[in-house]
Amino acid sequence: MTVSERAHELAIAAAQAAADKKAQDIAIIDVGDQLAITDAFLLAAAPNERQVLAIVDAIEERLLELPEKAKPVRREGERGGRWVLLDYVDIVVHVQHTEEREFYGLDRLWKDCPTIPFVDRDLVEADASGSAAAE
């Protein structure tokens, strides 16, 4: 894995923020060996433009709450709400409308790169409480 500790922290925090806003198909791809401009891509999808923008806002807010605040150096695509890119240098966040996610297939494009595991903490907590209730 070539991602820096900072990139890993940003990617996991951004992924959780996206998950909290019900993003779908969240993936973190380690592109550090392939690209010199960033360590990781975070990919997330949403079924409509309003939710894409809500996910983007949540990610920005969460990364500003980190001890070492993170602000994007570049933000693109917000006007249409179909594909918003947030460039944090260490990571690049792509929040796409479900149709764009399927059409452009960034997952397929970067399939040779390793992924960074992410599990939504709400799913872990729900699973833990479900297991406790079954006992």
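Below or above, wherever it landed, is the structure these notes cover. (Residues numbered from 1 in each chain as written. Predicted model: local features only at pLDDT ≥ 70, side-chain atom pairs only at ≥ 80, totals over all residues. Heavy atoms only, no water.)

### Observations regarding the overall build of the protein chain
(1) Moving on: Secondary structure assignment for the protein chain yields five helices and five strands.
(2) Moving on: Compactness check: the protein chain gives a C-alpha radius of gyration of 15 Å against a globular reference of 14 Å for 135 residues, within 12% of the reference.
(3) Moving on: Counting only C-alpha atoms, the protein chain reaches 50 × 35 × 30 Å along its principal axes.
(4) Moving on: Considering the protein chain as a whole, with its 135 residues, one finds that 43% of them fall into the buried category.
(5) Moving on: Once local pairs closer than 6 in sequence are excluded, the contacts in the protein chain between residues at least 24 apart make up 63%.
(6) Moving on: Of the roughly 7700 Å² of accessible surface on the protein chain, a fraction of 51% belongs to carbon and sulfur atoms.
(7) Moving on: Computed over 15 positive and 27 negative side-chain charges, the separation of the two mean positions in the protein chain equals 6 Å. (Helix = DSSP H or I, 4+ residues; strand = E, 2+ residues; numbered from the N terminus. Rg over C-alpha atoms; globule rule 2.2 N^0.38 Å. Buried < 20%, exposed > 50% of the residue type's maximum accessible area, 1.4 Å probe, protein only. Contact = heavy atoms within 4.5 Å. Areas by Shrake-Rupley, 256 points an atom, 1.4 Å probe, with all protein chains shown as cover. Lys, Arg positive; Asp, Glu negative; His and termini not counted. Charge placed at Lys NZ, Arg CZ, Asp CG, Glu CD.)

### Here we look at the packing of aromatic side chains
(1) Moving on: According to the stated counting rule, one finds three aromatic pairs in the structure shown.
(2) Moving on: On the basis of an interplanar angle of 55 degrees and a centroid distance of 5.0 Å, the ring pair of W83 and Y104 is categorised as tilted. Residue W83 is located in strand β4 (residues 83-87), and its partner Y104 is located in helix α3 (residues 98-104); the two are separated by 21 residues in the primary sequence.
(3) Moving on: Classification of W83 by relative accessible area gives partly exposed; the value is 25%.
(4) Moving on: Given a relative accessible area of 44%, Y104 falls into the partly exposed group.
(5) Moving on: An aromatic cluster is defined as three or more aromatic residues linked by ring pairs; in this entry it consists of W83, F103 and Y104. (Phe/Tyr/Trp six-rings, centres within 6.5 Å; stacked < 30°, edge-to-face > 60°.)

### Section: the sheet that holds strand β3 (residues 74-76)
(1) Moving on: As summarised here, the arrangement of the five strands in space is β1-β2-β5-β4-β3, forming an open sheet in which the pairing is mixed. Where the open sheet ends on each side, the last strands, each with one partner, are β1 (24-30) and β3. Taken pair by pair, the neighbouring strands of this sheet meet at an average axis angle of 10 degrees, ignoring direction.
(2) Moving on: Pairing of β4 with strand β5 (residues 91-97) involves five bridges; the strand directions are antiparallel. In the sheet register, W83 faces β5, and the bridge partner there is Q96.
(3) Moving on: The strands that helix α1 (residues 5-20) touches are β1, β2 (40-46) and β5; relative to β1, the one it contacts most, it runs at about 175 degrees.
(4) Moving on: Lying over the sheet, helix α2 (residues 49-64) contacts β2, β3, β4 and β5, oriented at roughly 160 degrees with respect to β5. (Pairing = 2+ DSSP bridges. Axes fitted to C-alpha atoms, helices over the stretch in contact; angles between N-to-C directions.)

### Structural notes on the nonpolar core
(1) Moving on: Ranked by internal contacts, the top residues of the largest apolar core, which has 30 residues, are I59, L63, Y88, I91 and V93.
(2) Moving on: Looking at this core, the elements with two or more residues in it are α1, β2, α2, β4 and β5.
(3) Moving on: Those residues in contact with L63, other than ones at most four positions away along the chain, are L10, A13, A14, K69, A70 and Y88.
(4) Moving on: Membership of the second largest hydrophobic core comes to 10 residues, among which are A27, V31, L85 and W110. (Core = buried A, V, L, I, M, F, W, Y, C linked by side-chain atoms within 4.5 Å.)

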